[in-house]
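Listed here are the chains, written in short residue letters.
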Amino acid sequence: TGATDGIGKAVVNELAKREFNLVLVGRRKDILDQIVLDLKRSGSRIEIKNVPLDVSKEDSIAQLIEATQNLEVGLFVAAAGFGSSGEFKDLPIKA
C-alpha cells in the first residue's frame, strides 16, 4: 500500500507528528496529494515530496533514486506489499 493506506499511511502520520520531512511513494498521485493537504491543514510545517510510482515496475527504483538523489535520507520505511497464494516453495523466484 505504500504511503497511501494501511501501515504505510500510519507511519507517515506518526513521522509527521515527530516533524520528519517526508518523501511519499505510492501509485496514486491524487491520494498522495490529499495526504499532503491533510498534513498541511493539521498545521504541519514539514517538507513533503510526492513520488507517484508503482514499485512493482522494473524501472521504479531508478525513478525513486532520481527523484531523491539530492535529498539527505535518514530513514527509509518500506511499507509497500503484495499478495501471493500457494506454497512458498512453489512460488516463482522472479516476481
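Higher on the page you've got the structure.
A brief structural summary. All residue numbers here refer to positions counted from 1 along the written sequence of the relevant chain. For a predicted model such as this one, the threshold for reporting local features is a pLDDT of at least 70, and the threshold for listing and counting side-chain atom pairs is 80 or more; totals across whole chains, interfaces and linings nevertheless cover every residue. To obtain the side-chain values, all non-hydrogen atoms of the structure were included, while hydrogens and water were left out.

Quick look at the environment of Ile-48
Secondary structure is summarised from DSSP: a helix means a run of H or I of at least four residues, a strand means a run of E of at least two, and numbering begins at the N terminus for each. Counting through the fold element by element, Ile-48 comes out in strand β2 (residues 48-52). Residue class for Ile-48 comes out partly exposed when judged on its relative accessible area of 21%. As for Ile-48 and Lys-89, which are separated by 41 residues in sequence, their C-alpha atoms are 40 Å apart. It only takes one pair of heavy atoms within 4.5 Å for two residues to be counted as in contact. Once you skip the residues sitting within four places of it in the chain, Ile-48 turns out to touch Leu-22, Leu-24, Val-36, Leu-39 and Lys-40. In this scheme, a residue with accessible area under 20% of its type's maximum is buried, one over 50% is exposed, and one in between is partly exposed, where area comes from a 1.4 Å probe on protein chains only.

A few points about the side chain of Ser-44
As for its placement among the helices and strands, Ser-44 is situated in the loop between α2 (29-41) and β2. A relative accessible area of 15% places Ser-44 in the buried class. Polar contacts here mean pairs of N or O atoms no more than 3.5 Å apart (in protein, one a potential hydrogen donor and the other a potential acceptor; neighbouring residues in sequence count only if both atoms are side-chain atoms). Among the polar contacts made by the side chain of Ser-44, one reaches the main-chain amide nitrogen of Ile-46 at a distance of 3.5 Å.

With respect to unusual backbone geometry
Positive phi outside glycine occurs at Glu-19, with the angle close to 65°. The class for Glu-19 is exposed, based on a relative accessible area of 61%.

Some words on the nonpolar core
Only buried residues count toward a nonpolar core, which is a set of Ala, Val, Leu, Ile, Met, Phe, Trp, Tyr and Cys residues joined through side-chain atoms within 4.5 Å. Formed by Ala-3, Val-12, Leu-15, Ala-16, Leu-22, Leu-24, Leu-32, Ile-35, Val-36, Leu-39 and Ile-46, the largest nonpolar core amounts to 11 residues. Put simply, the parts of the chain that give this core at least two residues each are α1 (6-17), β1 (22-26) and α2. Top element by residues in this core is α2. It accounts for four residues. Every residue in contact with Ile-35, bar those within four places of it in the chain, is listed here: Ala-3, Thr-4, Lys-9, Val-12 and Leu-24.

The analysis is restricted to geometry; functional conclusions fall outside its scope.
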